[in-house]
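Here is what each chain is made of, one letter per residue.
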Amino acid sequence: MGDVSRALLNTARNTVPEWRPAEAQQHLADDKPITLVDVREQTEWNEGYIPNAVHVPRGFLELRIEEAVPDKSAPVVLYCAGGVRSMLAGKTLQDMGYTDVISLAGGYTAWKAAGLPTVQPLTLNDAQRRRYSRHLVIPEVGEEGQAKLLQSKVLLIGAGGLGSPAAYYLAAAGVGTLGIIDNDVVDESNLQRQILHNTSRVGKLKVESAKETIQALNPDIKVNAINDRLTKENVLDIISGYDVILDGTDNFPTRYLLNDASVIARKPVVHGSVFRFEGQVTVFKPFDGPCYRCLFPEPPPPELAPNCAEAGVLGILPGTVGLLQATEVIKLLLGIGETLVGRLLAYDALTETFDELLLYRDPRCPACGENAHPEDLPTYEEICAVG
Ligand SMILES: [Zn+2]
């Protein structure tokens, strides 16, 4: 260290107080909110960090600290590897107007040596860092968020109009496991909108066609191709392994079956539907917001429930709606933004307008209400058989 560096460090030492690791841990355990800021480089952070720390590398400190700690009178504890860089960073924060800055004596090395808890972050390999580089520069995603996406599992009900664009973009975004359930084969009339499939795959199983397309785009993604339909017998088993479910069904039996099972298993469902030029999107997050039955307690009779084949759909519309659903999935997985829980977004392609409706839980809902027994609800087929 040169003379000037030493002088700088001494100046900082005189104004920035230090806490030893055990002392810091005690303060952090208190209820008083303290922001813990790790000022080390990305490669050091990747090796492990202190729980609940915010990462603001020293080189970005002046640019990013106000975003991380907006209140300049709030207590901030800074740490680096050994306690020198955090001391200098503390002086910088004081010069910026922060009044309660502490440096962790001995840094992360001393913290770890004292046997205090650390977090081992999930990290990306070089190829993943290149592929997802546009995510890594977004603070709300970053390396940690991308790693989280790669660990995530999303189930798509249907590899059709909504499932196609959603699955394609979720795969591109690096959602690590995509389950796709569909028991149909590719038909020529699907190709107007179901972009996972192509002309040469007519007659092939949709889930196989979907898997081929997704893996050509991103071989990193695991695709569980489930050539089946959801039934009362298999639904709980199938959905149990996934974090979020994207509902791309065009029929009421599956929609009700999925709703009741997702309430039982407490899995969020991103719901989408299309009709000619109109689409709707919402998120049913059990017990956080309404479920499908809070809005429509009973299924409509079959003659009042047309599907795409009967009603028709503008080919581009499911693209728009499916991608709105995929956006909600990503937000749920990352825990960012405001999701469509309790809000229904209604899209009209002809007027190019969005409307928003607020949705509420119904305390008398047969699936998620106060005395509900979703496991006892009859399936749509059972209702129709009785009818
Ligand atoms: Zn409900």
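Higher on the page you've got the structure.
This one's a predicted model, so the numbers in the text were calculated from it and none came from an experiment.

*Asks:* How would you explain the sheet that holds strand 3 (residues 54-55) if you had to name every residue and give the values?
*Replies:* The strand order 1-5-4-2-3 describes an open sheet built from five strands, whose pairing is parallel. The sheet terminates laterally at strand 1 (18-19) and strand 3, the two strands that pair on one side only. Bridge analysis of strand 2 (residues 35-38) against strand 3 gives two bridges, and the strand direction is parallel. If you follow valine 37 over to strand 3, its bridge partner there is valine 54.

*Asks:* Provide a residue-level description of the sheet that holds strand 7 (residues 177-181), including the pertinent values.
*Replies:* Sheet architecture is open: eight strands sit in the order 8-7-6-9-10-11-12-13, paired in mixed fashion. Looking at strand neighbours, the two that pair on one side only are strand 8 (222-226) and strand 13 (353-358), the edges of this open sheet. The sheet shows a mean angle of 15 degrees between the axes of neighbouring strands, taken without regard to direction. The pairing of strand 6 (residues 153-157) with strand 7 spans five bridges and is parallel. The residue of strand 7 that forms the bridge with valine 154 is leucine 178.

*Asks:* Describe a nonpolar patch on the surface, and please don't skip the residues or the numbers.
*Replies:* Residues Phe277, Leu314, Ile316 and Leu350 make up a contiguous nonpolar surface patch of about 400 Å² in total accessible area. Among the structural elements, leucine 314 can be located in the loop between helix 15 (308-311) and helix 16 (317-334). For leucine 314, a relative accessible area of 36% corresponds to the partly exposed category.

*Asks:* Any details on unusual backbone geometry? Residues and values, ideally.
*Replies:* A positive phi angle, near 70 degrees, is found at phenylalanine 287, a position not held by glycine. For phenylalanine 287, the position within the fold is in the loop between strand 11 (278-284) and helix 14 (292-295). With relative accessibility at 30%, the residue phenylalanine 287 sits in the partly exposed group. Even without being a glycine, glutamate 352 presents a positive backbone phi close to 55 degrees. Within the fold, glutamate 352 resides in the loop between strand 12 (343-348) and strand 13. Note on glutamate 352: relative accessible area 53%, which makes it exposed.

*Asks:* Hey, could you go over the coordination of the zinc ion for me, with residue numbers and the actual values?
*Replies:* Taken together, the protein ligands of the zinc ion are Cys291 (SG), Cys294 (SG), Cys365 (SG) and Cys368 (SG), with distances of 2.3 to 2.4 Å. Viewed at the metal, the four donor atoms of the zinc ion are separated by angles of 93 to 123 degrees, and the geometry they form is tetrahedral. For the zinc ion, the single-chain donor residues occur in sequence as C-x2-C-x70-C-x2-C. Each member of the pair, cysteine 291 as well as cysteine 294, carries the same accessibility label: buried.

Parameters at a glance
- Residues numbered from 1 in each chain as written.
- Predicted model: local features only at pLDDT ≥ 70, side-chain atom pairs only at ≥ 80, totals over all residues.
- Heavy atoms only, no water.
- Pairing = 2+ DSSP bridges.
- Helix = DSSP H or I, 4+ residues; strand = E, 2+ residues; numbered from the N terminus.
- Axes fitted to C-alpha atoms, helices over the stretch in contact; angles between N-to-C directions.
- Patch = residues over 30% accessible without salt bridge, like charges linked within 9 Å, V, L, I, M, F, W, Y side chains within 5 Å.
- Areas by Shrake-Rupley, 256 points an atom, 1.4 Å probe, with all protein chains shown as cover.
- Salt bridge = Lys/Arg side-chain N within 4 Å of Asp/Glu carboxyl O.
- Buried < 20%, exposed > 50% of the residue type's maximum accessible area, 1.4 Å probe, protein only.
- Donors = N, O, S within 2.8 Å, 3.2 Å for Na, K, Ca; no water.
- Tetrahedral: all angles 85-135°; square planar, octahedral: opposite > 155°, others 65-115°.

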